[in-house]
Amino acid sequence: METSPVPKKKKYQRHTYVCPFDLILRAQVTSQHKNRDLLRSRLRKQLTCCNIDEITTSGLTALNQCVLDGNLESVKMFLELGASVNKKDRYGWTPLHYAANEGYLDICRYLLRNGAKVRVTNKEGKFPVEVAEDEVILRLLLRATLLYGMPPLDRESLSTSI
């Protein structure tokens, strides 16, 4: 008795991966959409197959690219989806470095409100305040550095006289 041949199972299944730049494009499109909650849930499902903080071949994270594009709504979306506000890219720059350098005041404020560190250096040893070119952003970052970025004083530093 002859048996019919059993179809072989494929060794490898084909997966479609979503790269961070696909997410950037989708986040920019969704930032102008009316139903943000529905779109956020769709993006969250797509994040199961990639790391939202992944550094791409261009050396940037998706959040850094959104900051460079000056798209505040996309920045908000990425932070809502769990992107790290202090993730450094290949060049050691954080989103706050890029926002300060490009002159995006609203993005700087939003990043600071969401925990961006002002006392973090890039690979050249520069703080975000040192790469800022806009005077208003410079004042904002100086104020934030003084208020939030300084280490707490200890008893020894209080007792020493100058």
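Residues numbered from 1 in each chain as written. Predicted model: local features only at pLDDT ≥ 70, side-chain atom pairs only at ≥ 80, totals over all residues. Heavy atoms only, no water.

**What to know about the packing of helix α3 (residues 62-69) against helix α4 (residues 72-80)**
Quick reminder of the rule: To get an axis, fit a line to the C-alpha atoms, keeping to the stretch in contact for a helix; angles then go from 0 to 180 degrees between the N-to-C directions. A helix here means a DSSP run of H or I that spans at least four residues, while a strand means a run of E at least two residues long, and both kinds are numbered starting from the N terminus. For this classification, under 35 degrees means roughly parallel, over 145 means roughly antiparallel, 65 to 115 means roughly perpendicular, and everything else is oblique. Crossing handedness: left-handed means the near helix sits turned counterclockwise from the far one by under a right angle, and right-handed means the same turn made clockwise. Contacts between residues were defined by any pair of non-hydrogen atoms, one from each residue, lying within 4.5 Å. Throughout, the ten residues Ala, Val, Leu, Ile, Met, Phe, Trp, Tyr, Cys and Pro are labelled nonpolar, Asp, Glu, Lys and Arg are labelled charged, and all others, Gly among them, are labelled polar.
Put simply, α3 and α4 touch, their axes get as near as 8 Å, and they point 160 degrees apart. By the angle class used here, α3 and α4 are roughly antiparallel. In this structure, α3 crosses over α4, and the sense of that crossing is left-handed. Contacts between α3 and α4 pair Ala62, Leu63, Cys66 and Val67 from the former with Ser74, Val75, Phe78 and Leu79 from the latter. Its residues assigned to classes, the contact of α3 with α4 shows 7 nonpolar, 1 polar and no charged.

**Focus: the confidence of the model for the protein**
What counts is decided by this rule: In predicted models, pLDDT denotes the confidence assigned by the predictor to each residue on a 0 to 100 scale.
With 62% of its residues at a pLDDT of 70 or more, the protein shows a mean pLDDT of 76. Element-level pLDDT for the protein is lowest in helix α9 (residues 155-159), with a mean of 41, against a maximum mean of 96 in helix α5 (residues 95-102). Throughout residues 12-18 the model reports pLDDT below 50, and contacts reaching past four residues in sequence, or to other chains, amount to 8 contacts. The model gives residues 151-162 a pLDDT under 50, and that stretch makes 1 contact with residues more than four places away or in other chains.

**Observations concerning the pattern of salt bridges**
Applicable threshold: Any Lys or Arg side-chain nitrogen located within 4 Å of an Asp or Glu carboxyl oxygen qualifies as a salt bridge.
All chains considered together, the criterion is met by 2 salt bridges. For arginine 139, the salt bridge goes to glutamate 135, with nearest N and O atoms at 3.5 Å. Of this pair, arginine 139 and glutamate 135 are both found in helix α8 (residues 135-149), 4 residues apart, which corresponds to roughly one turn of the helix.

**Details of the environment of lysine 123**
Defined as follows: Burial status follows relative accessibility: with a 1.4 Å probe on protein chains alone, a residue under 20% of its type maximum counts as buried, one over 50% as exposed, and anything between as partly exposed.
As for its placement among the helices and strands, lysine 123 is situated in the loop between α6 (105-113) and α7 (128-131). On the basis of relative accessibility, which here comes to 65%, the residue lysine 123 falls in the exposed class. As a C-alpha pair, lysine 123 and glycine 92 span 31 residues in sequence and 5.0 Å in three-dimensional space. Residues in contact with lysine 123, not counting those within four places in the same chain, are Arg90, Tyr91 and Gly92.

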